[in-house]
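Descriptive analysis of the structure
Listed here are the chains, written in short residue letters.
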Amino acid sequence: MQMKKLCLVILCVVTLGVNNCYSQRRNDLGFVGGGSYYLGELNPGMQFANVHTSFGAYYRRNFGQRLSARLTANYASISGDDTKKSIFGKELGYAPREGVFNSNLIDVSATLEINFLNYFIGASRYFWTPYMILGAGGTYQLSLSGSFVGENPSLGYSYVINNDNITQQKQSSSDTTAIIIMTKPSKITPNLNFGFGFKYSVSDRIGLFAEWVMHKTFIDWLDGFYFDKHYSAVNPASWPEDEIEKRIDYAHICDTSTKDWYSFFQLGICFAFNLSNKNDCYDHLRK
């Protein structure tokens, strides 16, 4: 009887010892929010210009203290305006074109997070780290609108961007004929993304982070300013002369050598949890 009691006491002590061992929770759920902006024909290189709102949610899987994988979904708005200038007085785009656009999009990305330092939520020693983000994803454009004028003023054409189509019309009020001259190939495009961030653990289950991530697309129609070379390459001899002029007038205002980008800079909060009883004990890191 005494032996049974002793065994029971030993079992309780061992169990408490295991429970007191601090474990890294392998999963995080969180929310992000902040700003978004675009780089392309209407803003070739000025970071943080024409900032709009972005927000989303994510799931993260931790593989130790240095590596994590994350799946994130974001909703964002972007825009561009040729007439706007940077804080240094430089025009963001090409002012004579009078180009402007607005768009809403959804981004879904799978990324790897590489911590520069040992880190896990709940640590009292390794409770912060900068980190790098590398990944890929997809962009779905929900809406697109905009307008611009042609390169050749003597032709007198203006252009309206409305979701999938680009319509050409005379600027003169006496001629209201509108012709669809271009149709956007697709609303979906893949993207590559990379960026940097900073993580901070505030409690055993909650962490905060800030990050800046750039997304490189493989298309030139995110802003509506694109030109499909096949329109001028397929049997142009069969077109009337004024039709060819229209195509050329539009082509001149597009830079086909570059692809469009968009970026997120956001703050986030994450909540750590486990999907199983398997834990990583890091008692030696709490000191």
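Residues numbered from 1 in each chain as written. Predicted model: local features only at pLDDT ≥ 70, side-chain atom pairs only at ≥ 80, totals over all residues. Heavy atoms only, no water.

1. A closer look at the nonpolar core
Membership of the largest hydrophobic core comes to 26 residues, with the highest contact counts inside it found for Ile78, Phe148, Ile166 and Tyr250. Those residues in contact with Phe148 that sit more than four places away from it in its chain are Arg97, Glu98, Gly99, Ser158, Tyr159, Ile161, Ile166, Phe225, Tyr250 and Ile253. Of all hydrophobic cores here, the second largest spans 10 residues; its members include Tyr119, Ile121, Val213 and Cys270. (Core = buried A, V, L, I, M, F, W, Y, C linked by side-chain atoms within 4.5 Å. Buried < 20%, exposed > 50% of the residue type's maximum accessible area, 1.4 Å probe, protein only. Contact = heavy atoms within 4.5 Å.)

2. A word on the side chain of Asn193
Mapped onto the fold, Asn193 is located in strand β10 (residues 188-201). Engagement of the side chain of Asn193 in a polar contact is seen with the side chain of Ser109, the distance being 3.2 Å. The contacts of Asn193, once residues within four sequence positions are left out, are Ser109, Thr111, Ile133, Leu134, Gly135, Ala136, Gly137, Val213, Met214 and His215. (Helix = DSSP H or I, 4+ residues; strand = E, 2+ residues; numbered from the N terminus. Polar contact = N/O pair within 3.5 Å; in protein donor to acceptor, adjacent residues only side chain to side chain.)

3. As for the packing of aromatic side chains
Evaluated as defined, the whole model comprises 14 aromatic pairs. Ring geometry for Phe127 and Tyr200: centres 5.5 Å apart, planes at 85 degrees, overall edge-to-face. Taken together, the residues span a long stretch of sequence, with Phe127 in the loop between β5 (100-115) and β6 (128-149) and Tyr200 in strand β10 at a distance of 73 residues. Taken together, a centroid distance of 4.6 Å and an interplanar angle of 40 degrees make the contact between Phe148 and Phe225 tilted. Of this pair, Phe148 sits in strand β6 while Phe225 sits in the loop between β11 (206-217) and α2 (230-233), and the two are 77 residues apart along the sequence. (Phe/Tyr/Trp six-rings, centres within 6.5 Å; stacked < 30°, edge-to-face > 60°.)

4. Remarks on the pattern of salt bridges
Tallied over the entire structure, the rule returns five salt bridges. Here Asp28 ties to Arg60 by a salt bridge, and the two come within 2.8 Å at their closest N and O atoms. Here Asp28 is found in strand β2 (residues 27-39), whereas its partner Arg60 is found in strand β3 (residues 52-62), with 32 residues between them in sequence. Taken individually, Asp28 and Arg60 each receive the classification buried, so the pair is uniform in this respect. Residues Arg60 and Glu113 are paired through a salt bridge, measuring 3.0 Å at the closest nitrogen-oxygen approach. Of this pair, Arg60 sits in strand β3 while Glu113 sits in strand β5, and the two are 53 residues apart along the sequence. What you see here is one network of salt bridges that share partners, running through Asp28, Arg60, Arg70, Glu113, Lys199 and Glu211. (Salt bridge = Lys/Arg side-chain N within 4 Å of Asp/Glu carboxyl O.)

5. Quick notes on the pairing of strand β12 (residues 261-273)
As judged from the 13 bridges shared by β2 and β12, these two strands associate in the antiparallel manner. Looking at β12, one finds that Gly30 is bridged to Cys270. Here 11 bridges tie β11 to β12, and the two strands are oriented antiparallel to one another. The partner of Met214 across the bridge, within β12, is Ser263. (Pairing = 2+ DSSP bridges.)

6. Here we look at the confidence of the model for the protein chain
When pLDDT is averaged along the protein chain, the result is 80; 72% of the residues meet or exceed 70. Contacts of residues 9-23 to residues separated by more than four positions or lying in other chains number 15 contacts, the stretch itself having pLDDT below 50. (pLDDT = per-residue confidence, 0-100.)

7. A short note on the pairing of strand β7 (residues 157-162)
Both faces of the sheet carry side chains from a regular strand, because those side chains alternate between them. Sheet topology places β6 next to β7; five bridges connect them, and they run antiparallel. Bridge pairing in β7 links Ser147 to Val160. One ladder, built from six bridges, connects β7 with strand β8 (residues 165-170); its direction is antiparallel. Bridge pairing in β8 places Tyr159 opposite Gln168. Taking the residues between adjacent antiparallel strands as the criterion, β7 and β8 are bridged by two residues, where Asn163 takes a positive phi near 55 degrees.

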